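One letter stands for each residue in the lines below.
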Amino acid sequence: MENSSRYDINFFKPHTPFLKETVRLVATGLIVWFVAVYGFHVLLRIIETPTPEKNFITYQALYPKLQQGIASFEERKEMANIYLGLLGKSAALLNQKNQELKMAFTSVVISLFETDEKELLLETIAKLKTDKSADIQFVVNTLGIENDLSRVAVLPYALVIPTSLPGQMTSPGIPATMEKYLVHNQSVLTDTKFLGFPFHYFYSAVFLLALFVTICLVYCKAIDRVMKKHDMESEFN
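In this numbering scheme, every chain counts its residues from 1 along its sequence in written order. Two thresholds apply to this predicted model, a pLDDT of at least 70 for residue-level local features and 80 or more for giving and counting side-chain atom pairs, whereas whole-chain, interface and lining totals are computed over all residues. Calculated side-chain values reflect all of the structure's heavy atoms, with hydrogen atoms and water omitted.

So, about the overall build of the protein. Secondary structure is summarised from DSSP: a helix means a run of H or I of at least four residues, a strand means a run of E of at least two, and numbering begins at the N terminus for each. Scanning the protein for helices and strands turns up 11 helices and 4 strands. Any residue under 20% of the maximum accessible area for its type is buried, any over 50% is exposed, and the rest in between are partly exposed; the area is computed with a 1.4 Å probe on protein chains only. Looking at the protein residue by residue over its 237 residues, the buried ones come to 33%. Of the contacts made within the protein by residues no fewer than 6 positions apart, 70% connect residues no fewer than 24 positions apart. All accessible areas in this document rest on Shrake-Rupley with a 1.4 Å probe, and a residue is counted as covered only by the protein chains that are shown. Approximately 15200 Å² of the protein is accessible, and the part contributed by carbon and sulfur atoms is 60%. The contact criterion used is simple: two residues touch if any of their non-hydrogen atoms lie within 4.5 Å.

Moving on, we come to the nonpolar core. Buried Ala, Val, Leu, Ile, Met, Phe, Trp, Tyr and Cys residues that are joined via side-chain atoms within 4.5 Å together make up what is termed a nonpolar core. In this structure, Tyr83, Phe105, Val109, Leu143, Leu155 and Met178 are the most contacted members of the largest nonpolar core, which totals 40 residues. Mapped by element, the contributors of at least two residues to this core are α2 (54-68), α3 (73-87), α5 (100-111), α6 (115-128), α7 (137-143), α8 (149-158) and α9 (174-182). The element best represented in this core is α3, accounting for 7 residues. Dropping the residues within four chain positions of it, Tyr83 is found in contact with Tyr63, Leu66, Leu101, Ala104, Phe105, Val108, Met169, Ile174 and Met178.

Right, let's talk about the pattern of salt bridges for a bit. Each reported salt bridge corresponds to a side-chain nitrogen of Lys or Arg within 4 Å of a carboxyl oxygen of Asp or Glu. Applying the stated rule across the entire model yields 5 salt bridges. Glu48 serves as the salt-bridge partner of Arg45, at 3.0 Å between the closest nitrogen and oxygen. Taking the relative accessible area as the measure of exposure, Glu48 reaches 23% and is therefore partly exposed. As a salt-bridge pair, Glu53 and Lys89 come within 3.1 Å of each other at their nearest N and O atoms. Placement of the pair is Glu53 in the loop between β1 (49-52) and α2 and Lys89 in the loop between α3 and α4 (91-94), with a sequence separation of 36 residues. Taking relative accessible area as the criterion, Glu53 reaches 22% and is therefore assigned partly exposed. By relative accessible area, which is 44% here, Lys89 ends up partly exposed.

A few words on the environment of Thr28. With respect to the helices and strands, Thr28 occurs in helix α1 (residues 17-47). On the basis of relative accessibility, which here comes to 47%, the residue Thr28 falls in the partly exposed class. Here the alpha-carbon distance between Thr28 and Tyr219, two residues 191 residues apart in the chain, equals 9.5 Å.

So, about the packing of aromatic side chains. Between 30 and 60 degrees the pair is tilted, below 30 it is stacked and above 60 it is edge-to-face, where a pair is any two Phe, Tyr or Trp rings, Trp via its six-membered ring, whose centres lie within 6.5 Å. For the structure shown, the criterion picks out 12 aromatic pairs. Taking 5.9 Å as the distance between ring centres and 75 degrees as the angle between the ring planes, the aromatic pair formed by Phe113 and Phe138 counts as edge-to-face. Remark: Phe138 occurs in helix α7 and Phe113 occurs in the loop between α5 and α6; sequence separation between them is 25 residues. Residue Phe113 is classed as buried on the basis of its relative accessible area of 6%. Put simply, the rings of Phe40, Phe194, Phe199, Phe202, Tyr203 and Phe207 touch in pairs and so form one group of aromatic residues.

Here the focus is unusual backbone geometry. The backbone of Leu195 sits at a positive phi, close to 55 degrees, despite the residue not being glycine. Its place among the elements puts Leu195 in the loop between β3 (193-194) and β4 (197-198).

You can read pLDDT as the predictor saying how much it trusts each residue, on a scale of 0 to 100. The pLDDT averaged across the protein works out to 85; a share of 90% of its residues lies at or above 70. Confidence drops under pLDDT 50 across residues 1-5; counting only partners more than four residues distant or on other chains, this segment forms 1 contact.

A separate point is the environment of Thr163. Note on placement: Thr163 falls in the loop between α8 and α9. Given a relative accessible area of 62%, Thr163 falls into the exposed group. When the C-alpha positions of Thr163 and Ser107 are compared, they lie 9.4 Å apart, and in sequence the two are 56 residues distant.

Here we take up a nonpolar patch on the surface. Patch membership requires more than 30% relative accessible area and the absence of a salt bridge. Residues of like charge join within 9 Å; the nonpolar side chains Val, Leu, Ile, Met, Phe, Trp and Tyr join within 5 Å. Judged by side-chain polarity, Val42, Leu43, Ile46, Ile47 and Val188 come together as a nonpolar surface patch covering roughly 450 Å² of accessible area. Sort the elements by how many residues they give to the nonpolar patch and α1 lands first, with 4 residues. Here Val42 lies in helix α1. Judged by relative accessible area, which is 48%, Val42 ranks as partly exposed.

Further remarks concern the side chain of Glu75. Topologically, Glu75 is positioned in helix α3. Whenever a nitrogen or oxygen atom comes within 3.5 Å of another N or O atom, the pair is scored as a polar contact, on the condition that within protein one atom can donate a hydrogen and the other can accept it, and that pairs from neighbouring residues in sequence are kept only if both atoms are in side chains. There is a polar contact of 2.7 Å between the side chain of Glu75 and the side chain of Lys65. Polar side-chain contacts of Glu75 include one of 2.9 Å to the backbone nitrogen of Ser72. With near-sequence residues (within four places) excluded, Glu75 lies in contact with Leu62, Lys65 and Ile70.

See the structure below:
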């Protein structure tokens, strides 16, 4: 029992030459994997630059006009489409608990109709609350999205019963929402294409998987050599 401690295996305090080499192999593999995964993400953060989408630039130009009430019909129509496109980007924005952007969109849409048409629109919006198949073709035509199937699909879920008009076309929280979804961090690593994919996507989705398998294969080969070196070959070899 006096010498039983020499059989203890401790990754942090290896006692034998074999265990020391094994620990070095494992540590090397972990370090390579850690640097490859987290080092790449750190590099992405260091060199990234906030880059706005075209719609965000247009929104910045139109938003003050909406606030001042001087936006033309075409400008309000364009803003409505920007709001609608943003609502289609995320299920969270279409959630019933997130009404601000939908209220702003609805307010802009209503402003596109003449007084005698507003009543029909409001009736249609009320129907949409319980029946998403209600006829909204006249709204589609007004927005000019007949050929944009994605926006047409989102439209019934984006229109809500307004609580006040037209003041909610520019709600206080909308600028932050627009920036969150329409401004993206980009760099040469995200803009460069490799084998048809953005490089950062290829690196994370393909290269890192291949690297992990390669590390495992290299470890198996290396540990075989270490076992032979210390006369610890398996009887099944």
